[in-house]
Amino acid sequence: MELSDANLQTLTEYLKKTLDPDPAIRRPAEKFLESVEGSQNYPLLLLTLLEKSQENVIKVCASVTFKNYIKRNWRIVGILVEDEPNKICESDRIAIKANIVPLMLSSPEQIQKQLSDAISIIGREDFPQKWPDLLTEMVNRFQSGDFHVINGVLRTAHSLFKRYRHEFKSNELWTEIKLVLDAFALPLTNLFKATIELCSTHANDASALKVLFSSLILIAKLFYSLNFQDLPEFFEDNMETWMTNFHSLLTLDNKLLQTDDEEEAGLLELLKSQICDNAALYAQKYDEEFQPYLPRFVTAIWNLLVTTGQEVKYDLLVSNAIQFLASVCERPHYKHLFEDQNTLTSICEKVIVPNMEFRAADEEAFEDNSEEYIRRDLEGSDIDTRRRAACDLVRGLCKFFEGPVTGIFSGYVNSMLQEYAKNPSVNWKHKDAAIYLVTSLASKAQTQKHGITQANELVNLTEFFVNHIQPDLKSATVNEFPVLKADGIKYIMIFRNQVPKEQLLLSIPLLINHLQAESIVVHTYAAHALERLFTMRGTNNTTLITAAEMAPFVEVLLTNLFKALTLPGSSENEYIMKAIMRSFSLLQESIIPYIPSVITQLTQKLLAVSKNPSKPHFNHYMFESICLSIRITCKANPEAVGSFEEALFLVFTEILQNDVQEFIPYVFQVMSLLLEMHKNEIPSSYMALFPHLLQPVLWERTGNIPPLVRLLQAYLERGASTIASAAADKIPGLLGVFQKLIASKANDHQGFYLLNSIIEHMPPESVDQYRKQIFILLFQRLQNSKTTKFIKSFLVFINLYCIRYGALALQEIFDSIQPKMFGMVLEKIIIPEIQKVSGQVEKKICAVGITKILTECPPMMDTEYTKLWIPLLQALIGLFELPEDDTIPDEEHFIDIEDTPGYQTAFSQLAFAGKKEHDPVGQMVNNPRIHLAQSLHKLSTACPGRVLSMLSTSLNAEALQYLQGYLQAASVSLL
Amino acid sequence: KHRQHMRKFKNKGKDAAALRMQRVEVSIELRKAKKDEQILKRRNISLDVKEGSLSPGQDRPDEVIQLSLEEIAEAVNGNNPKLQLLATRVARRLLSKQKDPPINQIIELGIIPRMVEFLSGADNAALQFEAAWALTNIASGTSEHTRAVVEGGAIPALISLLSSPHMHISEQSVWALGNIAGDGPVYRDALINCDAIPSLLALVSPVTPVGFLRNITWTLSNLCRNKNPYPPLDAVEKILPVLVCLIQHEDKDIIIDSCWAVSYLTDGSNDRIQLVVDTGVLPRLVELMASTHLMVMTPALRAIGNVVTGTDQQTQAAIDAGVLAVLPRLLRHTKPTIQKEAAWTLSNIAAGPCQQIQQLITCGLLPPLVELLDKGDFKAQKEGVWVVANFTTGGTVDQVVELVRSGVLKPLLNLLSAKDSKTILIILDTLSNLFVAAEKLGETEKLCLLVEELDGLEKIEDLQNHENNMVYRAALNIIEKYFSGEENSDLEPQTGQDGLYDFSVEKQDFNF
């Protein structure tokens, strides 16, 4: 393409078409441009257009097209390959680099930004080696005095240098930085000084100031990038200049730069924020060198805080600034900066207290955006808020000055409470601040699970509770001063481990009462507080608050909880639902009288939310509550399972038919629970569903796998013979599911669960034809991708198989797959790996299975496998004598739903749908050690002398000693 | 021109070899050279220094005579011994000014060769002395200045003066030679080749005055100093026995300089470290590491830090000398550079075999390490992260469990917000190591929870947005590996005609 007017014209037309809303016009134009972008001069045509076109829209369009072209094509990837040729010829590259900087600088801002981006893309590849004069060219512009040009240079420099903030240290990188520093640091410093001087000469010229401050912001950002990797010699030598000026900028104010906007941060705020970042960078990384300046910054920053208003636009600046102070005051060597009583008082009074005040914006959030308010206040997603920052500062100060700070604040708390007492309806915010202050002062460590775990001993929490919190909650009007009500409830919640139990018991009816409050925050907090109180532990691992103590309140509690779900804004309130679940779990059989009404309300809720599930936690606790209702009721009256099925199946069917993905895993779990409640043969309603459960689409969703496996296991337990007789054609499909699961490292254990149930429950003849296939599949997985988890499950399975079908059958099927296979598995897998098996039941299965191999498998006695007999026995004794795994105590009530194991986004295991551990050898073998002794005895009777001679020649002494112990315990001896 | 901080790192060809190799420091420095922590390469003798032997020449005020530079040149080049002495003394005095001594002007007078001549005038001890002093001060300037002295032929003359019967003259030439040796490896080796070492060592005796001994020690330390190349091995072998005696001395300055000398000698390949280990000096170094004087502690720590970059046996020698008992205090030292060097030393011990890691645990290094990670200086925290990284690479599962129990996870995860991409990456690699250990114990889920509880998961998820590609990928990798699942596609069943999974597999030969 020549640089001709005709080509410029053509290009203009095509560019114009790329802006057309009609794809039929736009797409071909885009295609055309792409097809010519490999031509020589194409980028130069674009540059000409963006400079000279008569139409502004074309200029902008050309600049964007140019930037994208550079982005796609500038980089030459390694050695050139056929399909990725170098589309930009060398002469174009040279021409672009020669022209782009002046062009960028003379362009209007909109185009300047595009070109600046393009420069940084080019720079990333070519700078510094292939673009040696870029820096000089940029630096020379600093002298131009034209701040439009200067800002262009600064912006470009920023986009070139900002990668220093995240790249690894390397010779190449540091060589570049050194080069940049040599050429750039001094001019930048001079520019910085000059700009600051200009700011004072133009102190009365608003538009000039805006440009100058934009420069200062960019300069401050460049400072951050250039100082990020390490403290450069130049900046260490010139720290005085930079820090002195940064310091004075922090203290600078100019009416002309103040903005009217309450929300959006202005130039002044942005600059000061960046300076706080720069100071924080130095304080974190170059503490030793920065130490002389740090005190000044501390002072400046707290003065800044003292003089900064309450508007939202200052929030980031204020919280940055407070966090800076908080991080500094915790360090031992800066302790002295804060220890003066006057300093402490002034920080407390002027920095902390004002930023803890309840602002108009908070009030707005409390009323209109309560979800966000709760999230911030309760769940700590308040990292950038002023209150949080102020709270962190209190904690930081308390590290060294707990006594003095507590003393200072006690005075404030008292005076604020007095203000409140004078005129509550006007001064209620004072009390709010007082409570917040006490809370932040008293709490030293906090977890979601336990509330405050470490408190400031200088604060009398119970006294404050009795004198200032309880009275508010006792007030007859639940809707008065909602903020204070929420504060009070929150106080109970977080200090629940500090306030004595009798006070907590007194609070329970008050909390139940506040479930009726109209304010979403108040009734949510009440529900949450109850839920937390119900999970507190007393002695002996029981709940602190017992069902008996709750007896007088059961009805009102349940009523108010369900009523709270009907309050506006709380129809899917997860805190309330969680409180319902926790109440059921605590109250147990005392809820039975209310179950008919409860289950109706829950199923209605379920139906309603299944239209559009949006609150995962709410839904989860709802299903947990359903499970609890079923368990508690059926424990007392197993027949009741039918009425639950009646109530639930209609909704469940709808959920399955509409494929409500979020709910399906839950439905399977509830169905498993119900099915397991049945004592007799599987009901036909379940059988009708069976083929649908094998549909691949269900198994493709990872979240479905654990509950579906569990459900299929329940089917096999209750209905194996029905499946064998009525659904034999579905057995391959069932095994297909097993195969699907076994193929996955994540899900293979689920495949084994299923397989174990099949082997345990299905009539042998129904799976006979598939048995060999099953083993081949397992061996294949073992060979190709062995993991510890797989081996553990595999060992349990083959031993279960051995128990079910006999040791000889196991040996025969192995050897029918490949000669000597049985020996190989014994030698390479069972003997070396058996100790990895964990879990009581799993170990027992393996012990019994191996005992069978040792004593009921003739080839072990008279073939080449005999040499494995002693090693196998030794491995078995090892399995016995390993320390037992810690069993999990039966305290599911305390399980925090978020903390249940099995981190998987899609699957949420219902704690209360849990099933009891199944022990397939429970009845057969009680004590596996004695069982071994007895079996050996039997074997030795069958072939006298053989066993004893093997033992005495090869078994190691320690194992032999253990074995003699077993024989003694079983009162048998070997012949 | 400051000494490049020793950055080589043990590499035993373990999995983490690549990780450790990266510890070789970039040779480009952005920082200002720090001089406060080590001795000066060159020393000028100024008139203000009046204490003891530091100013062996006595100037009485009435002797002070002014001469112009031209007059000095004339007199020095003349034949009048009296004037020669007078002019040399005036020149020496000018050179001894504390501020801006006129070294260049004196060199430009071209009188250095003449002064070198004066050195050999055994009959005029006063002139020998003044000339040696003047040359000492010229050599104390820049490399350029030192070169002028060397090119004036001073080296052999100064070396012969070492055996001068006048102690103050011999001491003066020790000083001058020290300045020349301090310039760099070339002149250092020039001195060694002129056989300076035996004459220097001969000066060390039980009756040598302390002040003199200080000078000798310092000059010896400069003969041990500098790399590229290192001083010849046979020279090192000659110096070492004397150095080992000097380091036992009770004078602080002698200790300091001999410590620095040992630290230079250990800053090299393992065979050089071995020479030092063989002298049995390690227990003394460890003792000095525990000194309350920063000036003593610093080079002793540096030397031991260098030793543990060596082989497992060399590291074991340092452990046997008791380094692990001293390190906790140093990890808690108020001075950031000490914290950092101590952590660096520990990181190399943690890179050793699991027996050494066990000793690290037994000696109670984990609590101070956790403290350092929690609130140490940033430079030290970075080294602390390396300790943990190496520990988790070479430690046994039990040891890693012990590490986690010590509370390392919280500060480690906090440092994921550090302003340094490399540190973040190493922490992510360390987390992967921890997960591998957890997998072996079947405790993966527990670790997942712990990481989540300590706000680590949130931070790792955030790092998936990190601008640095490797950081981003490492974070993504952890999330994918430990916070989701994976498939074994070759065993995946097909879907059959009935819409259900087909159950089928092709048999292959098995061999486990």
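The structure presented is a predicted model; accordingly, all values stated were derived computationally and were not measured. (Residues numbered from 1 in each chain as written. Chains lettered and ligands numbered in written order. Predicted model: local features only at pLDDT ≥ 70, side-chain atom pairs only at ≥ 80, totals over all residues. Heavy atoms only, no water.)

S.K.: Sorry, what's going on with the overall build of chain A here?
M.R.: Assigned secondary structure in chain A consists of 49 helices and two strands. Looking at chain A as a whole, 55% of its 975 residues are labelled buried. Taking all contacts inside chain A whose residues are at least 6 apart in sequence as the whole, residues at least 24 apart take part in 75%. With the model as given, the accessible surface of chain A reaches about 40700 Å², and the carbon-plus-sulfur share is 51%. (Helix = DSSP H or I, 4+ residues; strand = E, 2+ residues; numbered from the N terminus. Buried < 20%, exposed > 50% of the residue type's maximum accessible area, 1.4 Å probe, protein only. Contact = heavy atoms within 4.5 Å. Areas by Shrake-Rupley, 256 points an atom, 1.4 Å probe, with all protein chains shown as cover.)

S.K.: Where do I start with the overall build of chain B in this structure?
M.R.: A tally of helices and strands in chain B yields 29 helices and zero strands. Burial status across chain B gives 56% buried among its 512 residues. Of all intrachain contacts in chain B linking residues separated by at least 6 positions in sequence, the fraction that spans at least 24 positions is 73%. Total accessible area on chain B is roughly 21200 Å²; 51% of this is exposed by carbon and sulfur atoms.

S.K.: Sorry if this is basic, but what is going on with the packing of aromatic side chains here?
M.R.: The description of two aromatic rings rests on the distance between their centres and on the angle between their planes. All names here are of chain A. Applying the stated criterion across every chain, the model contains 52 aromatic pairs over all chains. For the pair tyrosine 42 and tyrosine 69, a centre-to-centre distance of 5.3 Å together with 65° between the ring planes defines the contact as edge-to-face. Of this pair, tyrosine 42 sits in helix 3 (residues 42–52) while tyrosine 69 sits in helix 4 (residues 56–73), and the two are 27 residues apart along the sequence. The same class applies to tyrosine 42 as to tyrosine 69, namely buried. (Phe/Tyr/Trp six-rings, centres within 6.5 Å; stacked < 30°, edge-to-face > 60°.)

S.K.: Just checking my understanding: could you explain helix 7 (residues 134–141) of chain A for this structure?
M.R.: Because each turn of an α-helix spans 3.6 residues, side chains separated by three or four positions end up pointing in the same direction. Within helix 7 of chain A, burial applies to Leu134, Leu135, Glu137, Met138 and Val139 of chain A. Of the surrounding secondary structure, the elements contacted by the buried residues of helix 7 of chain A are helix 5 (90–106), helix 8 (147–161) and helix 9 (171–201) of chain A.

S.K.: Any chance you could explain the packing of helix 38 (residues 748–761) of chain A against helix 41 (residues 788–805) of chain A here in plain terms?
M.R.: Residue and element names in this part refer to chain A. Look at helix 38 against helix 41: their axes get within 10 Å of each other, and the N-to-C directions meet at 0°. What the angle tells us is that helix 38 and helix 41 run roughly parallel. Contacts from Asp748, His749, Phe752, Leu755, Asn756, Ile759, Glu760 and His761 in helix 38 reach Lys789, Phe790, Ser793, Phe794, Val796, Phe797, Leu800, Tyr801, Arg804 and Tyr805 in helix 41. The class makeup of the residues in the contact of helix 38 with helix 41 is ten nonpolar, four polar and four charged. (Axes fitted to C-alpha atoms, helices over the stretch in contact; angles between N-to-C directions. Parallel < 35°, antiparallel > 145°, perpendicular 65-115°, else oblique. Nonpolar A, V, L, I, M, F, W, Y, C, P; charged D, E, K, R; others polar.)

S.K.: I would appreciate a short explanation of the UniProt feature "repeat: ARM" (unreviewed entry) in chain B in the present structure.
M.R.: Residue and element names in this part refer to chain B. Per the UniProt entry, the sites bearing "repeat: ARM" (unreviewed entry) are residues 110–153, 153–181, 280–322 and 322–350 in this numbering. Helix makes up 79% of residues 153–181 and strand 0%, with an end-to-end C-alpha separation of 14 Å. In this annotation, residues 322–350 is assigned 83% helix and 0% strand; the end-to-end C-alpha distance for the span is 15 Å. (UniProt positions renumbered as here; feature names shortened; annotations may be inferred.)

S.K.: How should the side chain of arginine 93 of chain A be read in this particular structure?
M.R.: All names here are of chain A. Considering the arrangement of structural elements, one finds arginine 93 in helix 5. For the buried arginine 93, which has no salt bridge, the nearest side chain bearing the opposite charge is glutamate 90, at an N-O separation of 4.3 Å. Looking at arginine 93, its side chain comes within polar contact range of the main-chain oxygen of isoleucine 88, at 3.1 Å. Setting aside chain neighbours within four positions, we find arginine 93 in contact with Asn73, Trp74, Ile76, Asn86 and Ile88. (Lys, Arg positive; Asp, Glu negative; His and termini not counted. Salt bridge = Lys/Arg side-chain N within 4 Å of Asp/Glu carboxyl O. Polar contact = N/O pair within 3.5 Å; in protein donor to acceptor, adjacent residues only side chain to side chain.)

S.K.: Even after reading the chapter, I still don't get the packing of helix 26 (residues 520–534) of chain A against helix 29 (residues 574–587) of chain A, so can you show me in this structure?
M.R.: Helices that pack against each other are described as a pair by the angle of their axes relative to one another and the distance between those axes. All names here are of chain A. At a minimum axis distance of 8 Å, the contact between helix 26 and helix 29 shows a crossing angle of 30°. Looking at the two axes, helix 26 sits roughly parallel to helix 29. Handedness of the crossing formed by helix 26 with helix 29: left-handed. Mapping the contact onto sequence places His523, Thr524, Ala527, His528, Glu531, Arg532 and Phe534 in helix 26 and Tyr575, Ile576, Lys578, Ala579, Arg582, Ser583 and Leu586 in helix 29. Among the residues making up the contact of helix 26 with helix 29, the classes are represented as six nonpolar, four polar and four charged. (Left-handed = near helix turned anticlockwise from the far one by under 90°.)

S.K.: Is there a simple way to think about the pattern of salt bridges in this case?
M.R.: Between side chains of opposite charge, a pair can form as their charged atoms come close. Residues and elements named next belong to chain A. Across all of its chains, the model carries 53 salt bridges over all chains by this definition. Among the ionic pairs, glutamate 125 bridges to arginine 75, the shortest N-O distance being 3.5 Å. Placement of the pair is glutamate 125 in helix 6 (residues 109–126) and arginine 75 in the loop between helix 4 and helix 5, with a sequence separation of 50 residues. Glutamate 125 sits in the partly exposed class, given a relative accessible area of 32%. Arginine 75 gets classed as exposed once you look at its relative accessible area, which sits at 55%. For arginine 359, the salt bridge identified is with aspartate 315, shortest N-O distance 3.1 Å.

S.K.: Would you mind going over the confidence of the model for chain A with me for this structure?
M.R.: Scored by pLDDT, chain A has a mean of 88; 94% of the residues are at 70 or more. Every residue in residues 895–906 of chain A is under pLDDT 50, and counting partners more than four places away or in other chains gives 26 contacts. (pLDDT = per-residue confidence, 0-100.)

S.K.: Would you take a moment to explain a negative patch on the surface for this structure?
M.R.: On the surface, a cluster of negative charge is contributed by Asp260, Asp261, Glu262, Glu263, Glu264, Glu364, Glu367 and Asp368 of chain A. Structurally, the position occupied by glutamate 364 of chain A is in helix 19 (residues 360–368). (Patch = residues over 30% accessible without salt bridge, like charges linked within 9 Å, V, L, I, M, F, W, Y side chains within 5 Å. Charge placed at Lys NZ, Arg CZ, Asp CG, Glu CD.)

S.K.: I'm lost on the interface of chain B and chain A in this one. Help?
M.R.: Many descriptions give the size of an interface as the accessible area lost when the pieces come together. Each side of the interface is counted separately: chain B has 56 residues, and chain A has 73 residues. Our enumeration of links across chain B and chain A arrives at four salt bridges. Lysine 379 of chain B is the partner of glutamate 288 of chain A in a salt bridge, and the nearest nitrogen-oxygen pair spans 3.6 Å. Inspection of the chain B/chain A interface yields eight residue pairs in polar contact (both at pLDDT 80 or more). Every element with two or more residues in the side of chain B that touches chain A is listed here: helix 20 (336–350), helix 23 (378–394), helix 26 (421–441), helix 27 (444–453), helix 28 (456–463) and helix 29 (469–482) of chain B.

S.K.: Help me understand the nonpolar core in this model?
M.R.: Phe161, Phe184, Phe623, Phe779 and Trp869 of chain A are the most contacted members of the largest nonpolar core, which has 360 residues in total. In terms of residues, this core owes the most to one element, helix 21 (residues 386–422) of chain A, which gives 16 residues. When residues no more than four places from it in sequence are discounted, the contact partners of phenylalanine 184 of chain A are Leu135, Met138, Val139, Phe142, Ala157, Phe161, Leu222 and Leu226 of chain A. Among the nonpolar cores identified, the runner-up in size contains 158 residues, and Ile103, Ile112, Leu324 and Ala438 of chain B belong to it. (Core = buried A, V, L, I, M, F, W, Y, C linked by side-chain atoms within 4.5 Å.)

S.K.: It is not clear to me how helix 14 (residues 252–266) of chain B should be interpreted in this structure. Could you clarify?
M.R.: All names here are of chain B. Taking 1.5 Å per residue as the helical rise, helix 14 with its 15 residues ought to reach 21 Å, and the 21 Å between its terminal C-alpha atoms agrees with that figure. When you tally the buried positions in helix 14, you get 13 out of 15 residues, the bulk of the element. Its side-chain oxygen placed 3.1 Å from the backbone nitrogen of aspartate 253, aspartate 251 serves as the N-cap of helix 14. (Expected span 1.5 Å × (residues − 1).)

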